[in-house]
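# Descriptive structure summary
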2 protein chains.
Amino acid sequence: MSTISNSEIKLVRSLASKKGRRESGLFLVEGEKMVSEALDSDMKVRRVWRSSEIGEDTMAHISALTTPSPALAVVEIPSGDSPVLSDTGLYLALDDIRDPGNMGTILRIADWFGIDGVFASGGCVDLYNPKTVQATMGAIFRVKFKTVDLCGLCKSVISQGGSIYGTFLSGSNIYESRLQDGSDSPVVIVIGNESEGISDEVAQCVSERISIPPFPAGRHGSESLNAAVATAITVAEFRRRAAGGAI
Amino acid sequence: MSTISNSEIKLVRSLASKKGRRESGLFLVEGEKMVSEALDSDMKVRRVWRSSEIGEDTMAHISALTTPSPALAVVEIPSGDSPVLSDTGLYLALDDIRDPGNMGTILRIADWFGIDGVFASGGCVDLYNPKTVQATMGAIFRVKFKTVDLCGLCKSVISQGGSIYGTFLSGSNIYESRLQDGSDSPVVIVIGNESEGISDEVAQCVSERISIPPFPAGRHGSESLNAAVATAITVAEFRRRAAGGAI
């Protein structure tokens, strides 16, 4: 029978805030499936509590979710020391993605499409925010992730002969653009902020400006697509080409 | 100088709930841009209030948003009487989409890709929920929408010689499937519930089972994509083919 002390309750509750996570180097994982994926992953799980052991009231008290789940784990935030960029591969670079749901969904997309690493600017929402963690649906345990200076990253990629793609409303039609698959040199796709798009500083590093065409071409409906949706369509097209394109 | 009475305050606040919207036939639109799009649309705007007139405290009191915006409108919910299904076109059918963010994002995708109408099952989250309205980013004013019995809809489409597509993890690779563009007969793409997928009843009406392949093919990462993300990739691929495919 597992119990929870008052100091543990205080610690778990502190992990709902970025300050609490930074001070302890820990984050929360909630839900049976997520906890089981955490245990199966390379991350270090410090402790697991279940409502069957500590009671539903205590679980509701320590949970960061509106509807608490039966299981909660406290997991160590990876150091971020290990290198993510290699001399080949397809990567995402997130330029100030602020919405936790978008951030988590983008990790899930990266996982589905086997993206070799996700880089986030310092202005992005914290990946270890409980809402983001939930939205990744476990992808957080599988996708390589690092917070970096995006301009520095881009320079390093370019110096290796790689390419930097970015989506712009004024970019070339993605379906008519040549897309590097990352098999010879690293390829980075930059995803811009939800309302501002790609920042001017990062835009200067983008070598290939692409766009997702509305239908029919030139139609004026919505001004843009949601950031995670644009990521999904772009990454799917890179992967469709790499897989041989088919039809 | 516009003012707001106590009974108006009570009415506006009631629109945060489905019950309040059903009783009054009205919904809330918040944000300068959204209010201006509502005024430009075919929908009937009953009243607009601005915080410059009623004060920020009152606006915070009547707003359904965590961060109130400077403008709020009360708009009539369209009757839903006008026909949406035609003898040609590309449509979406949403089978119990429960998350307001997904629902709004799907409307935004439909707007971008010129979808001819969106049908929702009775189990979908209310389109006029304030969170859904915000997530549509104005698409709610442009996309044709109707709540219907999805099986009845599918039967009607099939009787017209149309096709019903649905995404299943076990479906055929979308990039290797023939996709009807809706120019000869109506084409419906069914989007399943976030955790359960397409219901058995509706699945029986699906004539073409398709899937979005992970990369590399057969890789086991995330078990699925978010519902709005799967919608985006699927619709983009239908429109890419219709536009001529290019590369």
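The shown structure was predicted, so the numbers you read here are calculated from the model rather than taken from an experiment. (Residues numbered from 1 in each chain as written. Chains lettered and ligands numbered in written order. Predicted model: local features only at pLDDT ≥ 70, side-chain atom pairs only at ≥ 80, totals over all residues. Heavy atoms only, no water.)

### Points about the overall build of chain A
Secondary structure summary: chain A contains 10 helices and nine strands in total. Relative to its length of 247 residues, chain A is compact, with a C-alpha radius of gyration of 20 Å against a globular reference of 18 Å. For chain A, the C-alpha atoms occupy an extent of roughly 60 × 40 × 35 Å along the three principal directions. Relative to its 247 residues, chain A shows a buried fraction of 54%. Restricting to contacts in chain A with at least 6 residues of sequence separation, those with at least 24 account for 80%. (Helix = DSSP H or I, 4+ residues; strand = E, 2+ residues; numbered from the N terminus. Rg over C-alpha atoms; globule rule 2.2 N^0.38 Å. Buried < 20%, exposed > 50% of the residue type's maximum accessible area, 1.4 Å probe, protein only. Contact = heavy atoms within 4.5 Å.)

### Let's talk about the side chain of Asn193(A)
Residues and elements named next belong to chain A. Here Asn193 shows up in the loop between strand E8 (187–191) and helix H9 (200–203). Under the relative-accessibility criterion, Asn193 is labelled buried at 10%. Engagement of the side chain of Asn193 in a polar contact is seen with the backbone oxygen of Asp96, the distance being 2.7 Å. Not counting the four nearest positions on each side in its chain, Asn193 is found in contact with Asp95, Asp96, Arg98 and Ile198. (Polar contact = N/O pair within 3.5 Å; in protein donor to acceptor, adjacent residues only side chain to side chain.)

### Topic: the nonpolar core
If you look at the biggest cluster of nonpolar residues, it comprises 107 residues, and the most contacted ones within it are Val29(A), Leu92(A), Val29(B) and Leu92(B). If sequence neighbours within four positions are ignored, Val29(B) has contacts with Met34(B), Val35(B), Ala38(B), Ala71(B), Leu72(B), Ala73(B), Val75(B), Val133(B) and Phe141(B). (Core = buried A, V, L, I, M, F, W, Y, C linked by side-chain atoms within 4.5 Å.)

### A short note on the interface of chain B and chain A
How big an interface is tends to be stated in terms of the accessible area lost upon association of its parts. With 39 residues of chain B at the contact, the number on the chain A side is 39 residues. Summed over both sides, the interface between chain B and chain A buries roughly 3600 Å², with carbon and sulfur atoms accounting for 63% of that surface. Of all the secondary structure elements, the ones that give two or more residues to the side of chain B that touches chain A are helix H6 (100–112) and helix H10 (227–242) of chain B. Among the residues making up the side of chain B that touches chain A, the classes are represented as 20 nonpolar, eight polar and 11 charged. (Buried area = accessible area lost by both parts, 1.4 Å probe. Nonpolar A, V, L, I, M, F, W, Y, C, P; charged D, E, K, R; others polar.)

### Section: the relation of the copies chain B and chain A
Once chain B has been moved 0.0 Å along the axis and rotated by 180°, it coincides with chain A to within an RMSD of 0.0 Å. Given the turn and translation reported, the copies of this chain are related as if by a two-fold rotation axis. The share of interface residues of chain B whose copies in chain A are also at the interface is 100%, consistent with both copies meeting through the same surface. (Least-squares fit on C-alpha atoms with pLDDT ≥ 70 in both.)

### Concerning the domain arrangement of chain A
Residues and elements named next belong to chain A. When the domains of chain A are assigned, the result is domain 1 (6–76) and domain 2 (90–242). Opposite the 15 residues of domain 1 that make contact, domain 2 presents 12 residues. Both sides together, the interface formed by domain 1 and domain 2 hides about 1200 Å², and carbon and sulfur atoms give 66% of it. For Glu37, the salt bridge identified is with Arg142, shortest N-O distance 2.5 Å. There are four residue pairs in polar contact (both at pLDDT 80 or more) connecting domain 1 and domain 2. When residues of the side of domain 1 that touches domain 2 are traced back to their parent elements, those giving at least two are helix H2 (18–24), strand E1 (26–30) and helix H3 (32–40). With four residues, the top contributor of residues to the side of domain 1 that touches domain 2 is E1. Of the residues that constitute the side of domain 1 that touches domain 2, the class distribution is 10 nonpolar, one polar and four charged. (Domains from an automatic or database assignment. Salt bridge = Lys/Arg side-chain N within 4 Å of Asp/Glu carboxyl O.)

### Overview of the pattern of salt bridges
A full pass over the atoms with the stated rule returns 22 salt bridges over all chains. Between Arg98(A) and Asp96(A) there is a salt bridge, with its nearest N and O atoms 3.9 Å apart. Overall, Asp96(A) belongs to the partly exposed group, its relative accessible area being 22%. Close ionic contact of Asp126(B) with Arg21(B) constitutes a salt bridge, the shortest N to O distance being 2.8 Å. You can see Asp126(B) sitting in the loop between strand E5 (117–120) and helix H7 (130–135) and its partner Arg21(B) sitting in helix H2 (residues 18–24), a full 105 residues away along the chain. Taken together, the shared-partner salt bridges connect Lys33(A), Glu37(A), Asp111(A) and Arg142(A) into one network.

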